[in-house]
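Read off the chains here:
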Amino acid sequence: MRFKKVYLEITNVCNRACAFCPGTKRASGFLAEADFVCLLDKLRPWTDFLYFHLMGEPLLHPDLGRFLGLAGERGFRVILTTNGTLLDKVGPVLLAAPALHKVNLSLHSFEANDGTALEDYVNLCASFGREAAARGVLVNFRLWNGDSASRAGWNAENSCILELLAQAFPRPWSPSRTGERLAERVFLDRAEIFDWPDGEAEAENAHHSCYGLRDQMGVLVDGTVVPCCLDRDGDLALGNLLTEELSDILDRPRARAIPDGFRRGEAVEELCKRCGYANRFR
């Protein structure tokens, strides 16, 4: 078995406080290099695509450049998800990394915070996007703040964001699977706002499929293995990859039951039954 992607949380610390993000109750941390190398070596047989993301802002990690180099040496293709606010400082580090395959820029984070000039922010992200794409990196601008059936997103500034993007990437844009293709290797991904999994929410999605432990999994900053990138507090902790082998973790009854259930269209874990993101798979 191999996963299409593995989320590796190099830090759970963030420099923003987005209104749509519940954050995490876990202790704040940054992955140490020795632990990072240990996790890389244990994950290498299981995937080619490594996402530096789960909670937190990966551009905050002081050893990000070193981590990108170490991942590249082992043949990983790295994907980053970032709010983009630190690109003026860390952008050159990303552009110098041969292992960098794709960058997701969460433009929906702008309106969910205060104190940043919109034009400066979008222009910073767009400028990085142009240069990254010119170097062969895929760039995906995200606006995941569309109004949903249950609540409104923070999206009053979307029209301004789109106009600023159009100045950087002139129209016409062509349709893509989840939005538009703005230029070669540059995309805009649009989606509704969603509710994060919440153990105290009403169980609404007992019957749905998901990619958790089928083509993706996550590793938290302390080495805890979780089924997906939305388990922000490690509620579905399956084991610890720093002290165990992944094959042993995945062979346990709980870990086997999760993907088996999704193949039947059934969420076997209570947290999965309370996942708003799962509505996308209905």
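The shown structure was predicted, so the numbers you read here are calculated from the model rather than taken from an experiment. (Residues numbered from 1 in each chain as written. Predicted model: local features only at pLDDT ≥ 70, side-chain atom pairs only at ≥ 80, totals over all residues. Heavy atoms only, no water.)

Engineer: What should I look at first to understand the packing of helix α2 (residues 64-73) against helix α3 (residues 87-95) in this one?
Structural biologist: Helix packing geometry: the angle between the two helix axes and the distance between the axes. Packing of α2 against α3 leaves a shortest axis separation of 9 Å and a crossing angle of 20°. Accordingly, the angle class assigned to the pair α2 and α3 is roughly parallel. For the crossing formed where α2 meets α3, the hand is right-handed. Contacts from Leu64, Gly65 and Leu68 in α2 reach Val90, Val93 and Leu94 in α3. Split by residue class, the contact of α2 with α3 holds five nonpolar, one polar and no charged. (Axes fitted to C-alpha atoms, helices over the stretch in contact; angles between N-to-C directions. Helix = DSSP H or I, 4+ residues; strand = E, 2+ residues; numbered from the N terminus. Parallel < 35°, antiparallel > 145°, perpendicular 65-115°, else oblique. Left-handed = near helix turned anticlockwise from the far one by under 90°. Contact = heavy atoms within 4.5 Å. Nonpolar A, V, L, I, M, F, W, Y, C, P; charged D, E, K, R; others polar.)

Engineer: Looking at this structure, how should I read the packing of helix α4 (residues 118-134) against helix α5 (residues 158-168)?
Structural biologist: Between α4 and α5, the shortest axis-to-axis distance is 10 Å and the interhelical angle comes to 40°. Our classification of the angle between α4 and α5 gives oblique. Judged by the sense of rotation from one axis to the other, the crossing of α4 with α5 is right-handed. Residue-level inspection shows Leu118, Glu119, Val122, Asn123, Ala126 and Arg130 of α4 in contact with α5, the latter providing Cys160, Ile161, Leu164, Leu165 and Ala168. Residue composition of the contact of α4 with α5, by class: eight nonpolar, one polar and two charged.

Engineer: Explanation requested: unusual backbone geometry in the structure shown.
Structural biologist: The peptide bond linking Arg171 to Pro172 adopts the cis configuration, its omega dihedral lying at 10°. By the secondary structure assignment, Pro172 is in the loop between α5 and β6 (174-175). A positive phi angle, close to 70°, is found at Arg185, a residue other than glycine. For Arg185, the position within the fold is in the loop between β7 (179-183) and β8 (186-192). Positioned with a positive phi, Leu213 is a non-glycine residue whose angle comes to about 60°. Position of Leu213 among the secondary structure elements: in the loop between β8 and β9 (216-219). Leu213 sits in the buried class, given a relative accessible area of 2%. (Buried < 20%, exposed > 50% of the residue type's maximum accessible area, 1.4 Å probe, protein only.)

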